[in-house]
Amino acid sequence: MNEKIKALREELTEANYRYYTLDQPTLSDHEYDRKLRRLMELEAASGLPVPPDSPSQRVGAQPAEGFVSVRHSLPMLSLENGFDFYEVREFEERIRRFLGWTEPLVYVCEPKLDGLAVELIYEQGLLTRAATRGDGTTGEDVTHNIRTVRQIPLRLRSAPPEVLAVRGEVFIDVVQFQRLNREREEAGEQTYANPRNLAAGSLRQLDPAITASRPLRFFCYGVGEVSQTLAHTQHGLLEALGMLGLPVNHRIKLCPDLEAVIDFLREMEESRHDLEYEIDGAVIKVDDLALQDRLGQKARAPRWALAYKFKAVQEATTVQEIMVSVGRTGALTPVAILEPVFIGGVTVSRASLHNFDEVARKDVRKGDRVLVQRAGDVIPEVVQVLDPDREDRSEPFAMPRTCPVCGSEVVRLEGESAHRCVNLACPAIVKESIRHFAAKGGLDVEGLGPKLVDQLVEQGLVNDPADLFFLTKEDLLGLERMAEKSARNLIQTLDAARRRPLERLITALGIRHVGEVQARALAKRFGILEELMMAEEKQLLDLDGIGSQVAQSVVTFFSTPANKDLLAKLEKAGVEPQAPEPEEGEVSSLAGKSFVLTGTLEGLTRAEAKALIQRAGGRVISAVSKKTDYLLAGENPGSKLTKAGELGVAVLDLEGFHRLLAEKNNGENNNG
Ligand code: IVH
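Basis of the calculations
Residues numbered from 1 in each chain as written. Predicted model: local features only at pLDDT ≥ 70, side-chain atom pairs only at ≥ 80, totals over all residues. Heavy atoms only, no water. Helix = DSSP H or I, 4+ residues; strand = E, 2+ residues; numbered from the N terminus. Buried < 20%, exposed > 50% of the residue type's maximum accessible area, 1.4 Å probe, protein only. Contact = heavy atoms within 4.5 Å. Areas by Shrake-Rupley, 256 points an atom, 1.4 Å probe, with all protein chains shown as cover. Pairing = 2+ DSSP bridges. Axes fitted to C-alpha atoms, helices over the stretch in contact; angles between N-to-C directions. Near = heavy atom within 4 Å. Polar contact = N/O pair within 3.5 Å; in protein donor to acceptor, adjacent residues only side chain to side chain. Nonpolar A, V, L, I, M, F, W, Y, C, P; charged D, E, K, R; others polar. Phe/Tyr/Trp six-rings, centres within 6.5 Å; stacked < 30°, edge-to-face > 60°. Parallel < 35°, antiparallel > 145°, perpendicular 65-115°, else oblique. Left-handed = near helix turned anticlockwise from the far one by under 90°. Salt bridge = Lys/Arg side-chain N within 4 Å of Asp/Glu carboxyl O.

Lay out the overall build of the chain in plain terms, naming residues and giving numbers.
For the chain, the helix and strand inventory stands at 24 helices and 22 strands. Reported as C-alpha extents along the three principal axes, the dimensions of the chain are approximately 100 × 70 × 45 Å. Within the chain, the fraction of its 672 residues that count as buried is 45%. Put simply, of all contacts in the chain between residues at least 6 apart along the chain, 67% involve residues at least 24 apart. Entry remark: accessible area of the chain is about 33,600 Å², with carbon and sulfur atoms responsible for 49%.

Tell me about the sheet that holds strand 21 (residues 630-633), residues and numbers included.
Pairing is parallel across the open sheet formed by four strands, whose spatial order is 20-19-21-22. Only two strands of the sheet have a single neighbouring strand rather than two, namely strand 20 (619-620) and strand 22 (650-652). Contacts from helix 23 (residues 639-647) reach strand 19 (594-598), strand 21 and strand 22, with the element oriented near 150 degrees to strand 21.

I'd like a rundown of the site of the ligand, residues and numbers included.
Near the ligand, the surroundings consist of 14 residues, among which Glu110, Lys112, Glu169, Tyr221 and Lys285 are the closest. Within the side chain of glutamate 110, a nitrogen or oxygen atom sits 2.7 Å from a nitrogen atom of the ligand. Here a nitrogen atom of the ligand and a backbone polar atom of leucine 113 are 3.3 Å apart. Across the complex, the protein chains shield 86% of the 520 Å² of accessible surface that the ligand would expose by itself. Among the secondary structure elements, those contributing two or more residues to the shell around the ligand are strand 3 (107-113) and strand 10 (279-286). No other element matches the four residues that strand 3 contributes to the shell around the ligand. Its residues placed into classes, the shell around the ligand shows nine nonpolar, no polar and five charged.

Could you give me a rundown of the side chain of arginine 9, with the residues and numbers involved?
If you trace the backbone, arginine 9 turns up in helix 1 (residues 2-21). Here the side chain of arginine 9 touches serine 54 through a polar contact of 3.5 Å, side chain to side chain.

Can you break down the packing of aromatic side chains residue by residue, with the values?
Applying the stated rule across the entire model yields 11 aromatic pairs. A centroid spacing of 5.4 Å and a plane angle of 20 degrees characterise the contact between phenylalanine 85 and tyrosine 308, whose relative ring orientation is stacked. Placement of phenylalanine 85 in helix 3 (residues 85-99) and of tyrosine 308 in strand 11 (residues 305-309) is noted, with a sequence separation of 223 residues between them. Tyrosine 308 sits in the buried class, given a relative accessible area of 2%. Aromatic pair phenylalanine 219 and tyrosine 277: ring centres 6.1 Å apart, planes at 75 degrees, arrangement edge-to-face.

Which residues make up the environment of lysine 610, and what values do they have?
By the secondary structure assignment, lysine 610 is in helix 22 (residues 606-615). Among the residues examined, lysine 610 registers a relative accessible area of 31% and is labelled partly exposed. Spatially, the C-alpha atoms of lysine 610 and glycine 367 are 65 Å apart, while their sequence positions differ by 243 residues.

Before we move on, could you go through the packing of helix 12 (residues 427-438) against helix 13 (residues 450-458) and cite the residues and values that matter?
Relative orientation of the contacting elements helix 12 and helix 13 amounts to 130 degrees, with a least axis distance of 10 Å. Regarding the angle of helix 12 to helix 13, the classification is oblique. Between helix 12 and helix 13 lies a crossing of right-handed hand. Side by side, helix 12 and helix 13 meet where Val430, Lys431, Ile434 and Arg435 of the first sit next to Pro450, Val453, Asp454, Val457 and Glu458 of the second.

An account of the sheet that holds strand 5 (residues 126-132) is requested, with residue identities and associated values reported.
Pairing between the strands of a sheet is mediated by backbone hydrogen bonds and can be parallel or antiparallel. With antiparallel pairing, four strands are arranged side by side in an open sheet as 5-4-7-8. Edge strands, defined here as strands with exactly one partner in the open sheet, are strand 5 and strand 8 (217-226). Pairwise comparison of adjacent strand axes, ignoring direction, gives a mean angle of 30 degrees for this sheet. Where strand 4 (residues 116-123) lies against strand 7 (residues 163-171), eight bridges are found, and the strand directions are antiparallel. Across the sheet, the residue bridging to alanine 117 is glutamate 169, located in strand 7. Running at roughly 40 degrees to strand 4, helix 6 (residues 195-203) makes contact with strand 4 and strand 7 of the sheet.

How would you explain the pattern of salt bridges if you had to name every residue and give the values?
Here the structure, examined in full by the defined rule, presents 43 salt bridges. Linking aspartate 357 and arginine 412 is a salt bridge whose minimum nitrogen-to-oxygen distance equals 3.0 Å. Remark: arginine 412 occurs in the loop between strand 17 (410-411) and strand 18 (420-421) and aspartate 357 occurs in helix 11 (residues 356-362); sequence separation between them is 55 residues. For arginine 412, a relative accessible area of 35% puts it in the partly exposed group. Among the ionic contacts, a cluster of salt bridges with common partners joins Asp363, Arg365, Asp368, Asp387, Arg390, Asp392 and Arg393.

Shown next as C-alpha cells:
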C-alpha cells in the first residue's frame, strides 16, 4: 500500500505541475479527482502521518479563526508609476545619472498583473508559509489558502536553496471571474466588482475549502530573502525560479535597450484585451542584479524598476439617476443611470453600484460627474466621483425604506451587505424567481423571455413557478404578440421541462448559495427530490463543496412552508425530475438504484450494507415509496416489508443482496 501511496503522490504532483505550470495536461480533471480521492482513502487507511507536500494536503485544513500577522523579513516594496513613454525615457535618464553609467542598459519587461502580491516561503524546498503583502512590512498569514492554489508547488523541484522567499501575484482569469459572478448572481449572492477583488476576497476566506473552489492562479516575479545566489540577472532569476517548478509568466521579455522596451509596451497595450487575465500595465526592470543593488531604493520603491500604466478604459460621465432594482432574493441593488459614454468599444449607460456600502464609500450622488470604467471588461463600474467638493451637490444617496416595486418594508439583516424586500409575493421577486426557474441553467424553457414573464405575472396568470405548468394555449393566446404557433411551442417546451434532470430542478428552485455546482453534488448524492427534502445538515456537510452556509440554506429552504407548498404543487403539475446518470467510469448495474434497509442483517452492520450499496453506485434512502428499487430485509423486518409488498417493490434477503452485488462485479468485468 505504501508503494501505491507514493506512486499516486508523485503522479498527482507531476500532473499538477504539467497542467498548471507547463500548460501540458496529462490527466483529465475527472481522472485527477478520482486519483486524488483514492490517495486520500489510502492515506486514511494506512494510519500513517501524511507529509505536508502530499497533493491531498492542499485542502482539508480546518477553517481559521482569523488571520495572523506576519512581518516580512525584507519589505515588499511597491513600484513607481510612469504614464507615458516620456516618463519611461526619464526613468532611464535617472538611472544613468545615479550610476554615472554610459554603457548599454538591458531590461526585462513583465506584464503587470492586476491581482494581489504574496510572498511564499520555502524551507528545504517545502512550502512553509505564505503571506499577503499587506502594508509592505507586515502582511497576513494565508498559508492554508495558498496551499489550495494548484499552480503553487508544495515542494520545489531539483536542488532548491535552503531558504527561498518567492514573490508574485495571485490572480484569477477573466472568464472565471465572469463565471463565478454569474453563479453568485444565480445563487442570490452579491457579485464581485472585478477579478482583483475576487482574487483578494478568495485569499481572505477563513475556510480554505472556499478558496479551493476558486480557480486562483499565480505567477512569480521576484524573490525576497534567499540563502544562496540563484542568478546574476532578473531574466536568469526568473528562469531559475521556473526550473524550481514555480510558475513564471511566459510573456516576459528581455529587451537589449530602451527602444525594445517601448516596442514591448506598445504591443502589450494593444493586445492586453486578448490575454486571459487582466493587466493594468507592464513592469520594466533593470536586468543586471548587481546594478539593481547599486541603484537601491527610495522610500517605498526601488530605483531599478518602473510600472508603466496603460491608459485605463475609463471615461468621465454624469450620473443622471440612481435607481434601485430588486432581485430574485429580494436584494436591492443600486444602479447608476449614466449619460451614455463610449468606453473601450461599447456604449455604457448603466453601472452597478453593488450595494449600499459601496455607494456610501464612493459617495456617489445624482448629478455627480463620475469616472466610469469597464471592470473585467464587462460590468461597468463607477470608480470615483470627480467633483466631490462641488457646492450644489444633491443629497447623499439613501436606500429606500420601502421596496420600490411593492412598497413593503425593506430590512437589512445583521452581517449582510444587502438590503432586502421582505415581501415574498413582491412582483419583482416573483418575476425574477420565475425567470430564474426557466433560465438556461434551470429548467431551460426556451421562448419564455423576460417580457413574457412580466406579462404573465401582471395578468395574474402566473404567481409562482409551478403555475407555468398549468398554463393553457388559450391563456397564452390572450397575451400581446402571441401567435398560435409560439403558444403551441411554449406549451410543448413546458411539457418537456417537466422531465429535466434533478440537478436542473434544484438549480431552478433558487435556493440561496446553491448554484449549478452545488446542485449537481446534491442531485448525485440524493438522487430523488424526496430524499433531498429530508436531508439533515450533517449529511449535507459530508458532500464535497458543500459547507455549513450551503447546508443550512438547503435545510431552511425545505423546511419553509411556502417552499413545501411549491414543491407539492410542482408534483401535482406532473414535474418529474430525472435521477442523475452515473458518470463515466461509474457504470454499474446498481447505479441510480435506491435501497431501503429494514431488520437485522446477519454479519453485516447497517453502515457496512450502506457502504456496499454506495460503492456499487446505489443509494440508501429511508422510506419505502413506489420509486424504491429494492427493500433489503433482514431478521424481524418492520412495517416497511408490508409497505414494499403493497407497492410491489422488490424484496431482497441477504443472500439475494450478495448475489446482486456479485452480478454487478461481473458486469464490470465484462465491460472492460
Ligand atoms: S515587482 C520591488 N513585478 O505591482 C518590486 N510587481 O505596484 C515590486 N505586480 O505590489 C514588485 N506584476 O503586486 C512586480 N511583474 C511584476 C508585477 C508586479 C504585478 C504588482 C505587485 C506589486 C505592485 C506594485
